[in-house]
Structure formats: structure tokens, C-alpha cells
Amino acid sequence: MASIRLDDPVEIGGLTLRNRLYRAPLLECAGNGDGAPARLAAELEPAAQAGAGLVCQGATIVSETGGCAAPGMTRVADDEFVESLKLVTDRIHDSDAAIAIQLEHGGLRSMETWHAGYRRDHPNLQQLAVSRPPRLLRLLDALGFLDYDAHVLTTEEVYELAADFGRSAALAVDAGYDVVHIAGANMGIVHQFLSPFYNRRDDEFGDGVRFLEVVADEIRAQAGDVPLMTKIPAETAAPPGLGPHLTVDDAVDICHRLADGDYDALVPVSGSVFWDASIVRGSFPADAWNDDRYRDGYADAFGGPLRARLVELGNRVESMWYEFEPAWNAELCRRVRDAVSVPVFCEGGIRERGQIDALLGESADAVGMARPFYAEPELPARLLGTDVSDDTRVVCESCNNCAVPQVTGAPGVCRTSSVLRRAGTLKKEGAYADETEFGGERGNDPVG
Ligand SMILES: Cc1cc2nc3c(=O)[nH]c(=O)nc-3n(C[C@H](O)[C@H](O)[C@H](O)COP(=O)(O)O)c2cc1C
Ligand code: SF4
């Protein structure tokens, strides 16, 4: 029996979440057009209505140009646009849930590096870099798979980038976001600061944690006392022989320092040093690669049909290398939880209520899922509902058919028909609660 229950409230930085189940950040592909707020609300509201304590919006980009890691990402640098996101935050608050905005810059992982069509359309964009790209990435550049024209940030420019995070956080708080979440892992620029694979600077930011500290200072200065959380990577899945990378001990030390500083919650995640399938472990998405609707889009993204086939092959190898493992970050989270006094949020391969209960109080203070929300936007209703048992399990099969087409700009939706059929049956059977069930009865006021 877990000492902490999933429906117990949890506090982060003075904010009380009504329970410990959260939607992890997951790309909504809403972009910045006129319809973006409505699209984001449509994506995120079902999770809130169905009872999630915290809904994390997918990563949003703090700069006006460049820095997007994937097509359809939303930028949060423009005042008027961010103000329009009040529509989203209001809808989440109407269901008594809290909402986090996740702030990101892709750095060397940006589309101006890897997306051939985007590079062609934006020939003058340079990637922001912590240091000169690592040798292996320069080799991929020489072979034509990537295209680097990297601009290594000066010390002053690093401070300016941190100020951009602060400015976007301030705009987001004004628009009603309850929590600021930093995209500190998954190979974005914050991860690149933290990682010895990328960071060979000889100024104060050679200590990559310093960047997260300056980001926190900027957020405090510009956005006030908003609860602040971040993902933290351990690069334990990096292929051998790559040189220095973040170990579990490194990740624990980083978390310890941040928890002693200005961070109110931490999300430790293991992965590699590359933007690969280590963060979305699962099976090889054969259906997505073979879907004729995306073939031209893959060729455009990867620089031709042959290169697209090679990327597909690489993805097949990755899927074998990074096999799905239930709750694959649990042990890392446990190590961090033993070392810090702020809540630890755990995600990655969590699929069953019994597993969630075992994680709470042992490895995690809150538990999140990402891909399962594509398949079941109202998933919390099943995991928190009265009919729940230890065996209550998400329908998502971690096949990644949802992830790959996104490189073509396709929306993030579940694309596996057997899984969708199962979700449809559950819906017909009334497995997802209606909004009144969780509306205020279950929830504490998210703004504690
Ligand atoms: C399509 C897709 C988009 C994602 N986008 C983000 C993101 O914007 N920010 C982030 O921190 N993690 C992102 N993730 C990672 C998830 O938050 C999560 O850590 C990962 O999917 C493992 O959880 P799961 O097994 O429940 O899917 C994304 C994952 C997928 C599949
Ligand atoms: S396509 Fe559907 S079943 Fe497969 S990982 Fe995505 S959400 Fe899960």
C-alpha cells in the first residue's frame, strides 16, 4: 500500500495541485496562427476536465526566430500572442486543474540543423550553440545529414538568452499559467549547457548548471514567485565511447543544487546525448514510416527519399537499442528523491495504476504520462475514477506511430487503429468521466 495516494494533493512552490497525476509535456503542433489558442485548449482541456492535477503544455520557444526543435511548435516571445493564451489557461482553470508552460530553445537540435526543407526556406538562420558542435555531429554535417552554421553564444548572449526565458515566463504568468517548466532535457539548449558532450566553454557557463540558475534569476526578476520546475537529464543511454556525458551521479548533483536554489520541482529523465528514441522508448513505428501520406514530407524533412530511408533505418536500430522498459526513469527518480527536498515528478513508460501506486512515495511525488494522452485525452478519469484497480492500464502501446509523422508537420495524434478502437470502446462504455465529476468536487483550488 503506497504511503502517498495518487489523489492526494501535492505542493510545488506554494501552489497546491489537487492530485499527483500530470500530463507530461507533449507537442500539440498548434503553432502561432490565429487558431493556436483554440487548438491548444482543445488538446489540453480534456486532461483537465478528466481530473489531471497538472497539465503541462508541450515545449514553447522563447525566441522570435529560430530555435524550434520540430514543426508546429508554439513561440511565446510575442506579447499579444501570449496574451491570447488566456483562453487556454481559463479553460484549464475552469476544471480546477493547474497548467504549466514549458520554455525551450532547441540550440543545436533546432530545425535549422536537421530539417532540409526548413533550412532551404530559412537559409540565414544559424543555430545557437553552447560550444562548437561536437566532432560526431560535425561528421554528420560533413555527410550532409545535418547542416551546421552554428553561432557559439558569447557570455553576454547567454545572459540575453536567459533573459528571453524570463520574459516569456512573465508573459505566460500574465496570461494565467500557474507553473513555469524549463525544458532542461531532451537535447534542447538547456540540456546542451548541462552536458559535457556539448559544453566545453571556458567562461562561467562552462558550469552548465549556472545557466539554469541565471534562468531562474531572470524568471524571479521578471515573473515573480511562480512555481518553477525543470527536467534534468542523465545521459546514461548514450552509446559507449562517446566521451564525457552526464551520469546518474551528475544528474543527482545537479538536482541537489537546483533544489537548494530556486527550483520547486524536478523531473529527472534518462536519455542519450542525441535527439533520439531514448526519451520515447517503444517499438519501431513501421506503420508511420510506410504511410504513403507522409512519404513526401519525410523526403522534404530529411533531404530526399534515400536519406529518409536511411533515417528510417537508424530509427529501426534505435528502437532495438532503446527498448521499452516500464517506468524506465523510476530508479533515477528514486536516487534524486533521496537527495532533494522538493517534489520529484516521474514520467517515461508509466502505464498502469498499480505501477503508479508503487512509484509514489518511493521514487516519485507525482507521476506523469505523455503518449497515452494522445490515445486517451481523458485518461485521468480512468486512472482516478472509482472503478480503478491495480490493473487499470492505458491503451497506448508505445509504438511511436504518433511521433514520426510530426517531422512532416502532421498533428500529434494516436495513429494506431487498434488502440483507437479500444479507446472508442472504453468511451462508449462510459469509462471516461464527464466534466462535472472532477469539476470542483475532486479538486482543491489549484492556486493554493
Ligand atoms: C511526440 C512527443 C512530443 C514530446 N514533446 C515534449 C516536449 O515538448 N517537452 C518535453 O519535455 N518532453 C516532450 N516529450 C517527452 C514526454 O514528455 C515524455 O517524457 C516521454 O514521452 C516519455 O513518457 P511516455 O512514455 O509516457 O510517453 C515528447 C514526447 C513525444 C512522444
Ligand atoms: S500511436 Fe497511439 S499507441 Fe502508438 S505510441 Fe502513439 S499514442 Fe501510443
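Structure first, text after, so check above.
Here the structure is a predicted model, which means the values were calculated and not measured. (Residues numbered from 1 in each chain as written. Chains lettered and ligands numbered in written order. Predicted model: local features only at pLDDT ≥ 70, side-chain atom pairs only at ≥ 80, totals over all residues. Heavy atoms only, no water.)

Asker: Quick question: what am I supposed to make of helix α12 (residues 292–302) here?
Answerer: Helical geometry note: an α-helix holds 3.6 residues per turn, so side chains three or four residues apart project in the same direction. Every buried residue belonging to α12 is among Y294, Y298, A299, A301 and F302, and all of these are buried. Angular distribution of buried residues about the axis of α12 spans 160 degrees; they occupy a single face of the element. Turned more than 90 degrees away from the buried face of α12 sit R293 and D296, all of them exposed. Phi for G303, located one or two positions after α12, is positive at around 90 degrees. (Buried < 20%, exposed > 50% of the residue type's maximum accessible area, 1.4 Å probe, protein only. Helix = DSSP H or I, 4+ residues; strand = E, 2+ residues; numbered from the N terminus. Arc of directions from axis to C-beta.)

Asker: Please clarify how the packing of aromatic side chains should be interpreted in this entry.
Answerer: Given two aromatic rings, their pairing is described by the distance between the two centres and the angle made by the two planes. Applying the stated criterion to the full structure yields 13 aromatic pairs. Considering the side-chain rings of Y159 and F205, the 5.3 Å spacing of their centres and the 70 degrees angle between planes classify their relative orientation as edge-to-face. In this pair, Y159 sits in helix α7 (residues 155–174) while F205 sits in the loop between α8 (189–194) and α9 (209–223), placing the two residues 46 residues apart along the sequence. Under the relative-accessibility criterion, F205 is labelled buried at 0%. One aromatic cluster is present, built from ring pairs that chain together W114, W289, Y294, Y298 and F302. (Phe/Tyr/Trp six-rings, centres within 6.5 Å; stacked < 30°, edge-to-face > 60°.)

Asker: Would you mind showing me how to read the pairing of strand β6 (residues 98–104) here?
Answerer: On any regular strand, side chains alternate: one points to one face of the sheet, the next to the other face. For β6, the buried fraction is high: seven of the seven residues fall into the buried class. In β6, alternate side chains face the same way, and those of A98, A100, Q102 and E104 on one face and I99, I101 and L103 on the other are all buried. For strand β4 (residues 54–61) and β6, the ladder comprises six bridges, and the chain directions are parallel. Across the sheet, V55 pairs through a bridge with I99, a residue of β6. Of the strand pairs in this sheet, β6 and strand β9 (residues 179–182) are connected by four bridges, and their pairing is parallel. Looking at β9, one finds that L103 is bridged to I182. (Pairing = 2+ DSSP bridges.)

Asker: Would you mind going over the site of ligand 1 with me for this structure?
Answerer: By nearness alone, 22 residues border ligand 1, and P25, Q102, E347, R351 and R371 come closest of all. Note that an oxygen atom of ligand 1 is positioned 2.8 Å from one of the side-chain N or O atoms of R351. Between R371 and ligand 1, the recorded distance is 2.8 Å, taken from a side-chain N or O atom to an oxygen atom. Notes on ligand 1: free accessible area 610 Å², of which the protein chains cover 91%. The set of elements that each furnish at least two residues to the shell around ligand 1 consists of β4 and α16 (371–375). Residue contributions to the shell around ligand 1 peak at three residues, all from α16. Tallied by class, the residues present in the shell around ligand 1 amount to 12 nonpolar, six polar and four charged. (Near = heavy atom within 4 Å. Polar contact = N/O pair within 3.5 Å; in protein donor to acceptor, adjacent residues only side chain to side chain. Areas by Shrake-Rupley, 256 points an atom, 1.4 Å probe, with all protein chains shown as cover. Nonpolar A, V, L, I, M, F, W, Y, C, P; charged D, E, K, R; others polar.)

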